[in-house]
Amino acid sequence: MSGSATQKFRAERALGWRERMARQVKRAVALPPPPVEGALTRMVGLTLEASGCQAAVGDVCDLLNGDGSKVEAEVVGFAGDKLYLMPTGEVHGLAPAARVVPRQRAGSVRVGPGLLGRVIDGNGTPLDGLGPIQGEDRVKLLGRSINPLARHPIDTPLDVGVRSINSLLTVGRGQRIGLFAGSGVGKSVLLGMMARYTSADVIVVGLIGERGREVKEFVERILGPEGRRRSVVVASPADNPPLIRLHGAWLATSIAEYFRERGLSVLLIMDSLTRFAQAQREIGLAIGEAPATKGYPPSVFARLPALVERAGNGAKGKGSITAFYTVLTEGDDQQDPIADSARAILDGHVVLSRRIAEAGQYPAVDVEASVSRVMQEIIPPEHAELARRFRQTLSIYQQNRDLISIGAYQRGSDPRIDQAIDLWPAMQKFLMQPIDKRVGHAEAVNELRQLFAASPADPRHETIRTSRHRPAGRRAYRKGTRRARRARREAPGRDAAEAGRAREIPQ
Ligand SMILES: Nc1ncnc2c1ncn2[C@@H]1O[C@H](COP(=O)(O)OP(=O)(O)OP(=O)(O)O)[C@@H](O)[C@H]1O
Ligand SMILES: [Mg+2]
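Residues numbered from 1 in each chain as written. Chains lettered and ligands numbered in written order. Predicted model: local features only at pLDDT ≥ 70, side-chain atom pairs only at ≥ 80, totals over all residues.

A. Structural view of the overall build of the chain. Along the chain, the regular secondary structure elements total 16 helices and 17 strands. For the chain, with 507 residues in total, the buried portion stands at 41%. For the chain, the share of sequence-separated contacts (at least 6 apart) that also reach a separation of at least 24 residues comes to 72%. (Helix = DSSP H or I, 4+ residues; strand = E, 2+ residues; numbered from the N terminus. Buried ≥ 20, exposed ≤ 12 C-beta atoms within 10 Å, placed from the backbone. Contact = placed C-beta atoms within 7 Å.)

Set out below in C-alpha cells:
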C-alpha cells in the first residue's frame, strides 16, 4: 500500500470511530438516570413511607422484600425527603426496610378496538379470562385536557332508549349528567337499559367501588350479550385499594377518550362518582391532608371536576363522550358535599326517588326534581312545549295530591286540576318502562304528543277551591264567605254549605 493510501485508510477509520463514539454518547445521554433506590421506613394502614429514593408523584415503585417477593406502590405525596406511597395491589408480606426501587411513570394502558366486549380492572388487566387485550395504541390514565374553546358545542340529542329521559330530560351528545339516588332504587338497572338501548357507538362502563358481586351481575344480567358487544367494562370494586379505584375511573375515561378521538359517539357510565370521591378521601386523609367538608379533604373537590371535565365533546370533527355519573344521596341528604359539588359541575341531573320506586313505578325518575340543562337548546320548540306541559301538569297534580286523595277536592273547581286528574293515569303509564323494552327518541316524543292530543293546551283557569280547613288569606276567606252569601241569595236551591266551602285563592 502506498503512503497516501495508508493515510487515507487511517483517516477514514478515525472518522468512522468518531461517528460511532458520537452515537454512543448520544445514546448514553438519552438514557434515563439510574434509579436511586431507598428503603421502607414506616407503614400505617395502607400508607407507606420510604426514605432515600428519588421519585416523583405518580411514579411507580417496586417494594422488594428480602425473600424476593414484590409489592407495587405509587408515590402519592412527600414531606421533606420522605415519600408517601400507596399500594396498587396486595401488601401482604411487606417487611421493614424493604428496598424501594423507582420504576417508570405510572399509567399507560394498552387500548384498541379489541377492548370491545371485554372486562378489565383498574390497571387494565383483563378479568374475563379471554386473553390479553389486542391493541397497538396506549393511553395515559390522566388523559389530556381539551381547550374549552375548541370543544364542539352540544347541539344534537342522544337517544338513550328510556322514554322519560328521551322526552322530558333530553340528553345531548357530550352532556355530563348526574344520576342522583339512594341505594336500591334502580340505578344499575336504568344504566343497564341505557347501555343496551342507546344509539351511541361505544359504551364504556366504570364500576367503581361498588360490591364485587354487582360486577358479575351487571355484566351478565343487566348488560347482557347485546349490550356487551359494544361495551368496555372497567371494574374496580370496593375491595380494591383506593388508588386502584381512582385508576379505574381514570382508565374508563381514558378509554372513552380513545374512542372519541376516533370520531365515535361514546356513552360513559360511571357507577359511582361518590365512591371515586371516597377513594380520594381515603388517600388524602392517609397522607395527612386536613379534612374540610364532612371529612372530605380539599383534594377531593379538585379531583371531581378534573375527572368530569374530561368527558364532553371533542374538538370539531372528533366524537363525543356523553357521561352519566351516579351520585349516592343516602337518606335524601341534600347537604352531602359530593352531591352538592356534582350538581355544580354537571350539566344536569336525573333524580331517582325512593318514594316512586316504592310505589312500583320503574324507572323511578322524579321528573320534578330532575333537570337537563342543555335540553332547551337541542330540541325543537314543539317538543319543548310538550315537555313543559307535562311538567306543569305533573306539578299541579302533585301539589293537590293530598286534597285529591282524601276527596277534599271537588271536580269542576279548577279546570287545570281536573285535567291533571284526567291525565294522571296516562302520565304514570308514560313514565313506566319495562326493563326489556326500548323506547327511542322519536317514539318517546310521539307518545308525549299523543298524551296531550285530546286535552286543551291551557284550560281556562278561574279559581282554585279548597277545603275550609286549608289556610288561606283573611281577604280571600272573606271573599269566599261573601260569595257563599251571594250564592245562597241567587240560587236558593243550591247546596249553600257546599258553596260556602269555596274560597278564592288569588293566583
Ligand atoms: N325498570 C325496572 N323494572 C322493574 N324493577 C326494577 C326496575 N329497575 C329496578 N328494579 C328493581 O329494583 C331493584 C334494585 O335495582 P338496582 O340494583 O338497579 O338498584 P341500585 O340503585 O343499583 O342498587 P344499589 O344501590 O344496591 O347498587 C332491582 O333488583 C329490581 O327488582
Ligand atoms: Mg347498583
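B. View of the packing of helix H5 (residues 242-261) against helix H6 (residues 273-286). One way to put it is that H5 packs onto H6 with a least axis distance of 8 Å and a crossing angle of 140 degrees. Taken together, H5 and H6 sit at an angle that is classed as oblique. Read as a crossing pair, H5 and H6 show a hand that is left-handed. From H5, Pro242, Leu243, Arg245, Leu246 and Ala249 reach across to H6, where they touch Arg275, Phe276, Ala279, Gln280, Glu282 and Ile283. Among the residues making up the contact of H5 with H6, the classes are represented as seven nonpolar, one polar and three charged. (Axes fitted to C-alpha atoms, helices over the stretch in contact; angles between N-to-C directions. Parallel < 35°, antiparallel > 145°, perpendicular 65-115°, else oblique. Left-handed = near helix turned anticlockwise from the far one by under 90°. Nonpolar A, V, L, I, M, F, W, Y, C, P; charged D, E, K, R; others polar.)

C. Local environment of the site of ligand 1. In the vicinity of ligand 1, the residues found are Ala181, Ser183, Gly184, Val185, Gly186, Lys187, Ser188, Val189, Tyr362, Pro363 and Ile435. Of the residues that constitute the shell around ligand 1, the class distribution is six nonpolar, four polar and one charged. (Near = placed C-beta within 6 Å.)

D. Representation of unusual backbone geometry in the model. Geometrically, the link from aspartate 271 to serine 272 is a cis peptide bond, its omega value of 10 degrees lying close to zero. By secondary structure assignment, the location of serine 272 is in the loop between strand S13 (265-271) and H6. Cis rather than trans, the peptide bond between tyrosine 362 and proline 363 has omega equal to -5 degrees.

E. Representation of the confidence of the model for the chain in the model. A residue-level look at the chain finds 88% of positions with pLDDT of 70 or above and a mean pLDDT of 84. This stretch, residues 461-474, has a pLDDT under 50; its non-local contacts, to residues over four places away or in other chains, come to 24 contacts. Taken together, the stretch residues 491-507 has pLDDT below 50 and engages in 31 contacts with residues farther than four places along the chain or on a different chain. (pLDDT = per-residue confidence, 0-100.)

F. Highlighting the environment of valine 139. Position of valine 139 among the secondary structure elements: in strand S9 (residues 137-140). Overall, the presence of 24 C-beta atoms within 10 Å leaves valine 139 in the buried class. C-alpha of valine 139 to C-alpha of leucine 251: the two residues are 112 residues apart in sequence and 8.5 Å apart in space.

G. Expanded view of the pairing of strand S7 (residues 108-111). Side chains Val109 and Val111 of S7 all project onto a buried face; the interleaved residues Ser108 and Arg110 project onto a face where none is buried. Where S7 meets S9, four bridges bridge the pair, whose relative direction is antiparallel. The partner of serine 108 across the bridge, within S9, is lysine 140. (Pairing = 2+ DSSP bridges.)

H. Layout of the environment of arginine 391. In this structure, arginine 391 sits in helix H11 (residues 381-399). Note on arginine 391: 15 C-beta atoms within 10 Å, which makes it partly exposed. Each C-alpha atom, one on arginine 391 and one on valine 367, is 7.3 Å from the other, the two residues being 24 residues apart in sequence.

I. Quick look at helix H1 (residues 3-30). When the terminal C-alpha atoms of H1 are compared, their 41 Å separation across 28 residues agrees well with the 40 Å that a helix rising 1.5 Å per residue should span. In terms of burial, H1 is a largely surface element, zero of the 28 residues being buried. (Expected span 1.5 Å × (residues − 1).)

J. Representation of H6 within the structure. Between its first and last C-alpha, H6 extends 20 Å over 14 residues, near the 20 Å set by a 1.5 Å rise per residue. With respect to burial, H6 is a largely interior element, twelve of its 14 residues being buried. Within H6, the full set of buried residues consists of Leu273, Thr274, Arg275, Phe276, Ala277, Gln278, Ala279, Gln280, Arg281, Glu282, Ile283 and Gly284. Trailing H6 by a residue or two, glycine 288 shows a phi angle of about 95 degrees, which is positive.

K. Representation of the pairing of strand S5 (residues 82-87) within the structure. With five of its six residues buried, S5 lies for the most part within the structure. Bridging between strand S4 (residues 70-79) and S5 involves six bridges; their strand directions are antiparallel. Each residue of the ladder has a partner; that of valine 75, found in S5, is leucine 85. Taken together, S4 and the strand that follows it, S5, pair antiparallel across an intervening segment of two residues, in which glycine 80 is found at a positive phi of about 60 degrees.

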